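A look at the structure
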Amino acid sequence: MSGPDDRDPVELCVDEHGDPADPLVVLVHGAAASMDWWDPGLCDAIADRGRRVVRYDHRDTGRSTTGRPGHPDYDGGVLERDLVALVEALGAPAHLVGLSMGGGIAQSVALRRPGLVSGLTLVATTAVGGVDADLPGMSAELQAWFADPPPPPDWDDRDAVVAAQVAAQRAFAGPDFDESRARRIAGEAVDRSIDPAAADNHWLVIGSGDEDGPPLDVRRIAVPTLVVHGTHDPMFPLPHGEALAAAIPGARLLVVDRMGHETPPRSAWKDVVPDLSVVDRGDRDAQAGYDG
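Now for a quick tour of the structure. (Residues numbered from 1 in each chain as written. Predicted model: local features only at pLDDT ≥ 70, side-chain atom pairs only at ≥ 80, totals over all residues. Heavy atoms only, no water.)

**Regarding the overall build of the protein chain**
A count of helical and extended segments in the protein chain gives nine helices and seven strands. The C-alpha atoms of the protein chain give 18 Å as radius of gyration, which agrees with the globular expectation for 292 residues (19 Å, within 12%). For the protein chain, the spread of C-alpha atoms along the principal axes amounts to about 50 × 45 × 40 Å. Residue pairs in contact within the protein chain that sit at least 24 positions apart in sequence constitute 76% of those at least 6 positions apart. Here the protein chain displays about 12,800 Å² of accessible surface, and carbon together with sulfur accounts for 50% of that area. Across the protein chain, the 25 positively charged side chains and the 48 negatively charged ones have centroids separated by 3 Å. (Helix = DSSP H or I, 4+ residues; strand = E, 2+ residues; numbered from the N terminus. Rg over C-alpha atoms; globule rule 2.2 N^0.38 Å. Contact = heavy atoms within 4.5 Å. Areas by Shrake-Rupley, 256 points an atom, 1.4 Å probe, with all protein chains shown as cover. Lys, Arg positive; Asp, Glu negative; His and termini not counted. Charge placed at Lys NZ, Arg CZ, Asp CG, Glu CD.)

What follows is the structure, given as C-alpha cells:
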C-alpha cells in the first residue's frame, strides 16, 4: 500500500484475513512493533465472524519502508497519516483496533476523520485528550526500566536482537508472560524486518507533529467503542482504561484479568472477539458462536 502523499513516498506492508467483501477491521499496533505481534490466530478468529481483517507494518518496522536507524525523516503525525491513507486505500469505513500508541492513533483518526471509522477497540491505551482525572503513572518497575534501559543489542547478531525484544516484551507484560510465544514472534519479526534497529525511530517521534485544529477530546468520539484493559498494565494502569471508557459516550469496558501492556492473550480471545463484533454490529447476537 502506498503512503499518505507523493511528497512522502512510503510503502506499507499489509496482511489480510477473511473475505474482502466483509466489513473492514484494521489492527494498529504500538510503537516500534511490526504486525507480527498481532497473532494470526486472533486475526482469523475475528475474520471467522464475518470481517475482513488487515494488519500492517508501521513504517520503520517489518517490510514497510524503512529509513536510517536513529534518524527518522518524519514526525509522529505521519504514523497517523499512514493509517488514514491505508484505510482510504482499503475502502473506508474501518473498525480500528489500536493498542498503546496504536490506540492513540485510532482515537485521533476517529476524531479528525470520523467518516473513516465505523468503530473502535482500544487496547492497553489512554485518552488522547478530554479526561481530567488524576491518573496513576507507570509502575515503579517500568519507570526503572526506562530510567536505565538495557544497552542496544548487536544488530548483526540475530539471537541477541531476539533476546532484546523478548526482554522488552517481558518488561511490559502481565504476570503470565509467555516467553516461548514472545521468542517465536520476536524471531519472526526480526527475520521479516528490513532493519530491526529502525523500529526504535518511533520513540524519537512520539508526541511530535500533531495536526492543527482544536485539542482532541475523546468525549466527542461518536462511534461504538470497546475499551480492553488489563488488570496488570504497568504502562497505563487500569484507571486509564476505566477513565477512557467512562469518557467516550456509550463505550464499554472489558477488563482482562492479569493482562499487562500487551495484545490480549489467547485466554481472553473468547471475551474480546465476541465483544469486538458486538461493538461493530451494534447488537448482542454476535456474542454467540465463538469457541475460543
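**Side note on the nonpolar core**
Across soluble globular proteins, nonpolar side chains have a tendency to be buried as a group. Grouped together as the largest cluster of nonpolar side chains are 39 residues, with contacts concentrated most on Val26, Leu83, Leu96, Val117 and Leu120. Going through the elements one at a time, β2 (24-28), β3 (52-56), α2 (76-90), β4 (94-99), α3 (101-112), β5 (117-123) and α8 (238-247) are the ones with two or more residues in this core. With seven residues, α2 is the largest single contributor of residues to this core. With residues near it in sequence (within four places) discarded, leucine 96 still touches Val26, Leu83, Val87, Ala106, Val109, Val117, Gly119, Leu120 and Thr121. (Core = buried A, V, L, I, M, F, W, Y, C linked by side-chain atoms within 4.5 Å. Buried < 20%, exposed > 50% of the residue type's maximum accessible area, 1.4 Å probe, protein only.)

**Quick notes on the packing of α2 against α3**
One way to put it is that α2 packs onto α3 with a least axis distance of 10 Å and a crossing angle of 65 degrees. Crossing of α2 against α3: the hand is right-handed. Residues Leu79, Glu80, Leu83 and Val84 of α2 form the contact with α3, whose own contacting residues are Met101, Ile105, Ser108, Val109 and Arg112. (Axes fitted to C-alpha atoms, helices over the stretch in contact; angles between N-to-C directions. Left-handed = near helix turned anticlockwise from the far one by under 90°.)

**Considerations on a nonpolar patch on the surface**
On the surface, Phe146, Trp203 and Ile206 cluster together into a nonpolar patch covering about 290 Å² of accessible area. Along the chain, phenylalanine 146 falls in helix α4 (residues 140-147). (Patch = residues over 30% accessible without salt bridge, like charges linked within 9 Å, V, L, I, M, F, W, Y side chains within 5 Å. Salt bridge = Lys/Arg side-chain N within 4 Å of Asp/Glu carboxyl O.)

**Thoughts on the side chain of glutamate 262**
Here glutamate 262 shows up in the loop between β7 (252-256) and α9 (269-281). For glutamate 262, the side chain forms a polar contact with the main-chain nitrogen of glycine 174, separated by 2.9 Å. Reaching out from glutamate 262, the side chain makes a polar contact with the backbone nitrogen of glycine 260 at a distance of 2.6 Å. (Polar contact = N/O pair within 3.5 Å; in protein donor to acceptor, adjacent residues only side chain to side chain.)

**Looking at unusual backbone geometry**
Each neighbour pair has its own omega, and for alanine 92 with proline 93 the value is 0 degrees, a cis peptide bond. Structurally, proline 93 is set in the loop between α2 and β4.

**Focus: the packing of aromatic side chains**
Note on aromatic pairs: each is described by the distance of the centres and the angle between the planes. Applying the stated criterion to the full structure yields four aromatic pairs. Relative to phenylalanine 172, the ring of tryptophan 145 lies with its centre 5.7 Å away and its plane at 80 degrees, an arrangement referred to as edge-to-face. Placement of the pair is tryptophan 145 in helix α4 and phenylalanine 172 in helix α5 (residues 158-172), with a sequence separation of 27 residues. Given the relative accessible area of 25%, tryptophan 145 is considered partly exposed. Where phenylalanine 146 meets phenylalanine 172, the ring centres are 5.9 Å apart and the plane angle is 85 degrees; that geometry is what we call edge-to-face. Here phenylalanine 172 lies in helix α5 and phenylalanine 146 lies in helix α4, a separation of 26 residues in the sequence. Through pairs of rings, three or more aromatic residues link up here, namely Trp145, Phe146, Phe172 and Trp203. Sitting over the face of the ring of tyrosine 74, arginine 59 holds its NZ or CZ atom 5.1 Å from the ring centroid. (Phe/Tyr/Trp six-rings, centres within 6.5 Å; stacked < 30°, edge-to-face > 60°. Lys NZ or Arg CZ within 6 Å of the ring centre and 35° of its normal.)

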